[in-house]
Amino acid sequence: MGKTIRKSTMEALGLGTVSAIFNNGKLPVSLEEMVDKVFGDKNNRGAMVISGAGGIVGAGKVMQFASRLMDYNVPIIALDLPGAPDGIAKQYKGLQASFGADGANNIMKNIIKLNYDGQTLPQSLKQYNPKFLLEAIPERLELKKAHYALFKKEYPEIHIWSVTSGFPSKELGVGIAHPAFPHEINKVFEIVEDSTSAQTHLLWAMGLIPMQVSDDWSFVLDVFFCGLLQASIQFCNRTNTPYWKADKYIRQILGPNPFRAHDVIGAKGANFLTWSCLYHLGKEYGALFEPTGELTERKDSGQNWYPANHFRPLVNWQLDEEESEELKSIVYGALIQMTTIMLHEKRTDLSTMTAIGELCAQFTNGIPAFIRKIGSQQALEYVNKYHQLVPKAAQTTWYPETLQNLNTPEWQQLYVNAEHDGTHGFITISRESYNYDVNEELNRAIDWLHSEGIKKVVLTSDFHFSTQMVGADTTEFFVAVNDSHIGEKISSDWSKTARRFYHEFETSIGFVNGKRCMGGMLELMMHCQYLIAPDYVKFAMPEVTLPVIPGMEGCHWVLRKTNTDNHSKMLEMLLHGQQINARQALGFLVDSSGTMNDCLAMTKNILENGDTALPKRKIIENAIPHIASEIEKIKWSENPQILSAQKEIAGCVIASCSATADEALQIQAKVSAQFMSGQLFRKGKIGIEYDKFSKN
């Protein structure tokens, strides 16, 4: 009988469990299968229509779908008014950068631009047999309804989704697929539909990220996105803080720059959409959401929030302690109050809400994760203080009781889930970057499997939110910049968690199913007794380019389980930071690769037969001092900064490999932490980001 800590987000999409994927030896649906279901078989393929294709959203979605459906001969119809801006042409350079000139041209060949007058559809559309309409026309309710009626009259069986930011499905009469910005690269769609459709499964099969949300005004993302701007304006009004200055402090405490974000998207359109969402939310819920006068004014004028020539270079004004607390109370208080409303309505599960905040709104920590970190009492205090500072917000009903029990599995396992089928365990990570929350949740998941008597485990990403594993969350290092003891503790704690996969299970398999696995995430996965990945997966240790010294035993762990002949390959990865695919990594990093189904079959075989299926590479516990001579053979960079980083990493490799495995954990943790307090680190990418983050 199967068991899970909490319900997986895959199950919410009707795609079953992760354990079923491994037990069945295949993914729940294939792209070819879903293309046939949505557009018809290859002998009678229908078209996808994207209306409002000249706008920012429409043009981005044209590129996203055209690039993924090119091999299946699905015509992409880009429909718009004759005088609409040519947003598609603006996307072409980005397409070239991603796919090369030939690839970009081939994608463009499958995009058919058609104009219409807004009242009737072009006759030529019929020859393409439209099956699926993604509507991205302006945010006006009656305009949208008339648009759907036009299509339904001509094509009664067509499936329609709106990309609306705010109007719920019950107002529009069609399903919702609200995409996150930037529209050409962000994969997240908030989905509203009565039951999971083939179109939702199509998105998942294309490598996009559909997230189920309830049919409430502005769903989840725009409550966060628009609500943050609202709270930020309220703070600026109280303290007379310039918008650009508030952005700096909001970035420090939360992660995003709300004012800059609106300007980057395009202030004219973004201001209107935010105003529209808040206006309708205000009518539905009350004064908490009512747009400020400043937002209404800029909705009408289209004015940017950042002036073209402001005084930032000349001003060294800082918030005092009282103003800093006001900022936290207003921004945190507003977002927490809004979150309690969404929790009360069950707009989505906690893991999805957290992911939307991080992947789309760019929060350093999703609001549920933030609430869990500070505790319910502090969260409620922020809301109460917010109501003292902005009394009208107290007029909107909120639900403090939703924060009273943070010890449930849903609250405790926001990023890491675990399930088992009675014999084999499966731990899944839904966050793309490793942080302390992931680390603590991993430990709880391991403990749970032990309590269930599970001795064999697969560690993998969740086949849903985490389409790649990009490494450690570098913002976690900021607290260690001025205190190497903190950095040493981070490195040591994370390494001890990773070692549990090697030492505490009879069999442990790291299975990489996304596009890439790098840095800290790769260090975690390489601690499993086996590492398996499809051929296309890219691996990299990019620390030398940042620079930072690997802190989760990347400087010695794989070298201890790799024969001497392959040491040079791992050292090349460490000292040059280049990407290699899974097939290239066979024998020293990866134990088995192939097609997805090959890898799933091998994983099942190892779980059932252990070493008989594939010999296990064991760690050399003693010192391996000959590594120094191997390093001397590596070609050094001619770039002085890269060369300096190479020397530092090489020193860590030699020090940790010259010790026993037990000693090496703390040696690498110490060297990694000390590096972060040095000038080379401060001049690199993470150091510069830290200076921006901490500078007032």
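Right above here is the structure, for reference.
Residues numbered from 1 in each chain as written. Predicted model: local features only at pLDDT ≥ 70, side-chain atom pairs only at ≥ 80, totals over all residues. Heavy atoms only, no water.

A.B. asks: For this particular structure, what's the right way to read the sheet that holds strand 8 (residues 188-192)?
C.D. replies: Backbone-to-backbone hydrogen bonds join strands into a sheet, with any given pair of strands oriented parallel or antiparallel. What the eight strands build is an open sheet, ordered 4-3-2-5-6-7-8-9; its pairing is mixed. Two strands lie at the open edges of the sheet, namely strand 4 (111-115) and strand 9 (209-212), each paired on one side alone. With strand direction ignored, the average angle separating the axes of adjacent strands in the sheet is 25 degrees. By the bridge criterion, four bridges tie strand 7 (residues 175-179) to strand 8 in an arrangement that is antiparallel. Bridge pairing links Pro179 to Phe189 in strand 8. Packed onto the sheet, helix 5 (residues 87-109) meets strand 3 (76-80) and strand 4 and runs at close to 140 degrees relative to strand 4. (Pairing = 2+ DSSP bridges. Helix = DSSP H or I, 4+ residues; strand = E, 2+ residues; numbered from the N terminus. Axes fitted to C-alpha atoms, helices over the stretch in contact; angles between N-to-C directions. Contact = heavy atoms within 4.5 Å.)

A.B. asks: Is there a simple way to explain helix 13 (residues 293-301) in this structure?
C.D. replies: Since the α-helix turns once every 3.6 residues, residues separated by three or four places project in the same direction. For helix 13, every residue scored as buried is listed here: Leu295, Arg298 and Lys299. With its buried residues spanning 110 degrees around the axis, helix 13 presents them on a single face. Among the exposed residues of helix 13, those pointing more than 90 degrees away from its buried face are Gly293, Glu297 and Asp300. In this fold, the buried residues of helix 13 make contact with helix 9 (221-239), helix 10 (243-253) and helix 12 (267-285). Within two residues after helix 13, Gly302 carries a phi angle of roughly 75 degrees, on the positive side. (Buried < 20%, exposed > 50% of the residue type's maximum accessible area, 1.4 Å probe, protein only. Arc of directions from axis to C-beta.)

A.B. asks: I would appreciate a short explanation of the pattern of salt bridges in the present structure.
C.D. replies: Pairs can form between side chains of opposite charge once their charged atoms are near each other. Tallying each qualifying case throughout the model produces 25 salt bridges. For Glu135, the salt bridge identified is with Lys144, shortest N-O distance 2.6 Å. Note on Glu135: relative accessible area 0%, which makes it buried. Look at Lys144 and you get buried, because its relative accessible area is 0%. Across the pair Arg499 and Glu553 runs a salt bridge whose closest N-O atoms are separated by 2.6 Å. One end of the pair, Arg499, is in helix 20 (residues 484-503); the other, Glu553, is in the loop between strand 18 (538-540) and helix 22 (557-560), and 54 residues separate them in sequence. Of the residues examined, Arg499 reaches a relative accessible area of 8% and is grouped as buried. Residue classification places Glu553 among the buried residues on the basis of a relative accessible area of 0%. (Salt bridge = Lys/Arg side-chain N within 4 Å of Asp/Glu carboxyl O.)

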